[in-house]
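A closer look at the structure
Listed below, chain by chain, are the residues.
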Amino acid sequence: MPADPPLLDLAVIGGGASGFFTAIQYAEMAPGKQVGIFEKGSHYLQKVRISGGGRCNVTHACFDPRDLSRHYPRGSRELLAAFHRWQPTDTIEWFQRHGVTLKAEPDGRMFPITDSSETIIACFLEQARKHHISLHPKHSLTEISQLEDGSFFLNFDGSAPSVRSRRVCIATGSLKESPLLKQLLGLGQSIEPLVPSLFAFNVSDRRISDLAGVSHPRVVVRCEASKESQSGPLLITHRGFSGPAILRLSAWEARALAAENHHFAFVIDWLPDMKPDALHTIFAENRRLHGAKLVRNSPIPPISKRLWERIVACSGIAEDMTWGQVSKTCTQALLDGLKNARFEVTGKTTNKDEFVTCGGIVRKTIDFRSMESRVTPGLYFTGECIDIDGITGGFNFQAAWTTAHIAATAMAQAE
Ligand SMILES: Cc1cc2nc3c(=O)[nH]c(=O)nc-3n(C[C@H](O)[C@H](O)[C@H](O)COP(=O)(O)OP(=O)(O)OC[C@H]3O[C@@H](n4cnc5c(N)ncnc54)[C@H](O)[C@@H]3O)c2cc1C
């Protein structure tokens, strides 16, 4: 151990969204304190940079804490109370006060008006500079221990000098494959097993082959083994299915699907707003009024022509079959193909690594009034390293801002 490692008031481990927000808010509330951000990479805020396709979906225009908390497959109960303290309104105001205006898109996602994540990065770097927060790139924390006086001793990979800090905030994002896991277990923390969330489904099926790029405005999807369904737009990709409905299903079923090694069956209702009876009526009318018309030429909106042709062909309806020739068996097959289309999934794909980890620091080992560990006083957790994750739409960043605000406030008030 070096003789005199520098003593900080707060060492934030991880220069990502929640790490910067914690450090800046703490520095704002407790001016003059020594704060350092230690980042394993050469660059900060890398996920912010690539987030939202380079636009950074900062938060979601959902201002009722209860509604908001429903967008989190894990952590909704704890976040409900937390959102009463810091929710999207506060995020919007904070960014506005710091020179960044956010705008809402029709689906509720909120982005900087510049449509560039660089705006958020520039804001954070400017605030860090303003508050004299020391930034330490290429500092990968490998060891953490608590000394008798309650402060922490931190060792980093390679030749980076050790540091001592009165308080430590772990803001490392996903703990998957992290060398810190062992260290945190050593400090008495428990970890909820880590599995991916928010992924696309790999499906090889003739019903969708060559349809990559075809989208559909609203489906209802559910895993065959589950009664819970999710809805939203769907996209057919080169590898199978993606889009909000699929990502939502992957998030809510993350644990069950990981247990199946991401090999499972799921069911699509292509026309969730149409009951089977209504479809039977449409089929009967087509037979009566358009008996000579080819079935494959009469898609039911909003199903696109290409998708309709494939569903029709896979229902056993020949290319030259007219409505007048459709048998009862074919009608039933068509109805099944529209309302109950079963697909086998043979793995997952992450969109440009755009996934979130389900699992992490066990929530009940954290006091959500302060984000302080219940087992190691002085140790705080913010962001994705906790067993909290949301669906897409800005909810994951909102959880990062909220947990960071609570941690910063508690640490500042304890001074
Ligand atoms: C491609 C992509 C796009 C996304 N888009 C959105 C979006 O638009 N909206 C949204 O809400 N969510 C989005 N997410 C999710 C969101 O990015 C995360 O939920 C959020 O970044 C979590 O913030 P965090 O600070 O907890 O972790 P991170 O942002 O992951 O930051 C953690 C930092 O800690 C560093 N670190 C890790 N281990 C150590 C160590 N041992 N020592 C030192 N440093 C360490 C990492 O290098 C990293 O810089 C996206 C995720 C991805 C991958």
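Presented here is a report on the structure given in the accompanying data block. (Residues numbered from 1 in each chain as written. Predicted model: local features only at pLDDT ≥ 70, side-chain atom pairs only at ≥ 80, totals over all residues.)

**Side note on the site of the ligand**
Heads up, the rule is: In this text, near has one meaning. A residue is near a molecule or strand if its C-beta atom, placed using the backbone, is within 6 Å of it. We count a stretch as a helix when DSSP gives it H or I for four or more residues in a row; a strand needs E for two or more, and each element gets its number in order from the N terminus.
Gly-14, Gly-16, Gly-52, Gly-173 and Gly-383 are the nearest of the 37 residues found near the ligand. Sorting the residues of the shell around the ligand by element identifies helix H1 (17–29), helix H2 (46–54) and helix H13 (395–413) as the ones contributing at least two each.

**Digging into the nonpolar core**
Formally: A set of buried residues qualifies as a nonpolar core if it consists of Ala, Val, Leu, Ile, Met, Phe, Trp, Tyr and Cys joined through C-beta atoms within 7 Å. Here a residue counts as buried when 20 or more other C-beta atoms sit within 10 Å of its C-beta, as exposed when there are 12 or fewer, and as partly exposed otherwise, the C-beta atoms being derived from the backbone. Where each domain begins and ends is defined by an automated method or by a domain database. Here contacts are defined at the residue level, using C-beta atoms placed from the backbone and a cut-off of 7 Å between them.
Counting residues in each nonpolar core, the largest one holds 108 residues, and the members touching the most others are Ala-11, Val-12, Ile-13, Phe-20, Ala-23, Cys-169 and Ile-246. Element by element, the count of residues in this core is highest for H13, at 10 residues. Two domains share this core, each providing at least three of its residues, namely domain 1 (7–195 + 355–413) and domain 2 (199–349). Ignoring any residue separated from it by four or fewer positions in sequence, one finds Val-12 in contact with Gly-19, Thr-22, Ala-23, Ile-37, Phe-38, Cys-169 and Ala-171.

**Things to note about the environment of Pro-179**
In this fold, Pro-179 is placed in the loop between strand E9 (163–170) and helix H7 (180–186). For Pro-179, a count of 13 C-beta atoms within 10 Å corresponds to the partly exposed category. Along the chain, Pro-179 and Leu-334 lie 155 residues apart, while their C-alpha atoms are 53 Å from each other.

**A few points about the pairing of strand E5 (residues 109–112)**
Using the following cut-off: Strands are labelled as partners when DSSP assigns at least two bridges between them.
Sheet topology places strand E3 (residues 59–60) next to E5; 2 bridges connect them, and they run antiparallel. Bridged to His-60 within E5 is Arg-109. Here strand E4 (residues 102–104) runs beside E5; their pairing, made up of 3 bridges, is antiparallel. Considered in E5, the bridge of Ala-104 is made with Met-110. Counted along the chain from E4 to the antiparallel partner E5, the turn is 4 residues long, and its residue Gly-108 has a positive phi close to 100°.

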